[in-house]
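Summary of the model geometry
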Amino acid sequence: MSERFAPGDLLVFQIESGYGLLKVLGTDQAGAGTTWHVKAYRDLFMDIEMAELAVASPESLTVEIPHVAMTDRAFESTQVSTLSRAEVTPEEFQAIESWRSDGGEVSDRSVRLLLGLR
């Protein structure tokens, strides 16, 4: 399912009270699985149209988690759809490189749990 997503994809996911946003920063192949590098935003939206308007002005979005590395299982536990696309910035790429050089941890918690949502 998730293999269709690429770095720079802005993804929308649904929760009971609305919609949230993620950005795919990159992936790493780890054995038989994939590690997903993701940025998560704090903003929630009442509908898809509001989310689309927000990603048209990315400077208005509030970053909750600048970078998290997630297992396939964690990433795929939340259904997402591609909403838009934005280039991965040098700062976002640097967050991945820092994680790699530090021997970073890979989370097996869902986006909802990481954001404190249900």
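As the structure is a computational prediction, the values presented were derived from the model and not from experiment.

**Digging into the nonpolar core**
By size, the foremost hydrophobic cluster in this structure holds 18 residues, and its most contacted members are F5, L11, F13, L22, V38, F75 and L115. Those elements giving two or more residues to this core turn out to be β1 (9-15), β2 (18-30), β3 (33-45), β4 (63-70), α2 (72-76) and α4 (111-115). Judged by nonpolar contacts, the second largest core, of eleven residues, contains V12, Y19, V55 and L83.

**Some points on the layout of surface pockets**
The calculated volume of the largest pocket comes to roughly 170 Å³. Lining the largest pocket are L10, K23, K39, Y41, V55, P58, E59, L61, V63, A86, T89 and E92. Its residues placed into classes, the lining of the largest pocket shows seven nonpolar, one polar and four charged.

**So, helix α1 (residues 48-55)**
Taken residue by residue, α1 has A51, A54 and V55 as its buried positions. Take α1 and look down its axis: the buried residues cluster within an arc of 95°, on one side only. Where α1 is buried, its residues meet β1, β2, β3 and β5 (80-85). The backbone nitrogen of E49 lies 3.2 Å from a side-chain oxygen of the residue at the head of α1, namely D47.

Basis of the calculations
- Residues numbered from 1 in each chain as written.
- Predicted model: local features only at pLDDT ≥ 70, side-chain atom pairs only at ≥ 80, totals over all residues.
- Heavy atoms only, no water.
- Core = buried A, V, L, I, M, F, W, Y, C linked by side-chain atoms within 4.5 Å.
- Buried < 20%, exposed > 50% of the residue type's maximum accessible area, 1.4 Å probe, protein only.
- Helix = DSSP H or I, 4+ residues; strand = E, 2+ residues; numbered from the N terminus.
- 1 Å grid on protein atoms, 1.4 Å probe; cavity = no way out; pocket = protein on both sides within 12 Å on 5 of 7 lines; lining within 4 Å.
- Points joined across faces, edges and corners; volume = space filled by probe spheres on them.
- Nonpolar A, V, L, I, M, F, W, Y, C, P; charged D, E, K, R; others polar.
- Arc of directions from axis to C-beta.
- Contact = heavy atoms within 4.5 Å.
- Polar contact = N/O pair within 3.5 Å; in protein donor to acceptor, adjacent residues only side chain to side chain.

What is shown is where atoms sit, not what they do.
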